[in-house]
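Fold and contact review
If you want the building blocks of each chain, they are given just below.
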Amino acid sequence: MARILVEATYDPPLSETVIQAALEDPNPDCYTSRRVKWLRSFVSRDRKRTICELEAPDADSVREAYRLAGHPFDKVWAAEILEPHL
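As a starting point, this report considers the structure included with it. Because the structure is a prediction, the values reported are computed rather than measured. (Residues numbered from 1 in each chain as written. Predicted model: local features only at pLDDT ≥ 70, side-chain atom pairs only at ≥ 80, totals over all residues. Heavy atoms only, no water.)

So, about the overall build of the protein. When helices and strands are counted, the protein shows 3 helices and 4 strands. Scanning the protein from its N terminus toward the C terminus, one meets helices and strands in the order β-α-α-β-β-α-β. By the compact-globule yardstick of 12 Å for 86 residues, the protein fits well, its C-alpha radius of gyration being 13 Å. Taken along its principal axes, the extent of the C-alpha atoms in the protein is 35 × 35 × 20 Å. Put simply, the protein has 86 residues, and 27% of those count as buried. (Helix = DSSP H or I, 4+ residues; strand = E, 2+ residues; numbered from the N terminus. Rg over C-alpha atoms; globule rule 2.2 N^0.38 Å. Buried < 20%, exposed > 50% of the residue type's maximum accessible area, 1.4 Å probe, protein only.)

Here it is as structure tokens:
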């Protein structure tokens with residue numbers, strides 16, 4: 001499985017209700033049927049941008065899952081995790 005990042009912008013900004021709804025159902029059926037698993041999201045303080053980290057077979061699986069779920073996105077790409085050696 002690959003680590004996939006998704007960047008999205010929102011206008012108007014995300015409401016607390018929308019954010020809470022996403023947390024209550026982080027992996028809808030259209031995600032699980034494409035083997036996409038949400039790991040975490042980062043939300044800008046103004047709530048106009050998000051970066052979501054997912055695990056999936058590839059970026060195309062995430063794009064299709066997002067389209068089916070009706071989730072907007074600007075960019076989707078595969079990423080590597082770089083961590084310092086302590």
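This paragraph deals with the layout of surface pockets. Its boundaries defined by the atoms lining it, the largest pocket holds a volume of some 490 Å³. Together, 21 residues line the largest pocket, and Tyr10, Ala22, Ser41, Cys52 and His71 are the ones closest to its centre. The dominant element in the lining of the largest pocket, judged by the number of residues it contributes, is helix α1 (residues 16-24), at 4 residues. Among the residues forming the lining of the largest pocket, the class breakdown is 16 nonpolar, 3 polar and 2 charged. (1 Å grid on protein atoms, 1.4 Å probe; cavity = no way out; pocket = protein on both sides within 12 Å on 5 of 7 lines; lining within 4 Å. Points joined across faces, edges and corners; volume = space filled by probe spheres on them. Nonpolar A, V, L, I, M, F, W, Y, C, P; charged D, E, K, R; others polar.)

The next subject is the packing of aromatic side chains. Overall, the coordinates contain 2 aromatic pairs when judged by the stated rule. With 6.0 Å between their ring centres and 85° between their planes, Tyr66 and Phe73 make a pair best called edge-to-face. Overall, Tyr66 belongs to the buried group, its relative accessible area being 5%. Put simply, the rings of Tyr31, Tyr66 and Phe73 touch in pairs and so form one group of aromatic residues. (Phe/Tyr/Trp six-rings, centres within 6.5 Å; stacked < 30°, edge-to-face > 60°.)

A few words on the pattern of salt bridges. In the structure shown here, the tally under the stated rule is 5 salt bridges. Ionic pairing is found between Glu7 and Arg49, a salt bridge with its closest N-O pair at 3.1 Å. With Glu7 in strand β1 (residues 2-9) and Arg49 in strand β3 (residues 49-56), this residue pair connects regions lying 42 residues apart in the sequence. Judged by its relative accessible area of 14%, Glu7 is buried. A salt bridge links Arg63 to Asp60, with the shortest nitrogen-to-oxygen separation between them at 2.7 Å. One end of the pair is Arg63 and the other is Asp60, both in helix α3 (residues 59-69) and 3 residues apart, which spans about a single turn. Each of the salt bridges in this network shares a partner with another, and the network as a whole consists of Arg3, Arg40 and Glu53. (Salt bridge = Lys/Arg side-chain N within 4 Å of Asp/Glu carboxyl O.)

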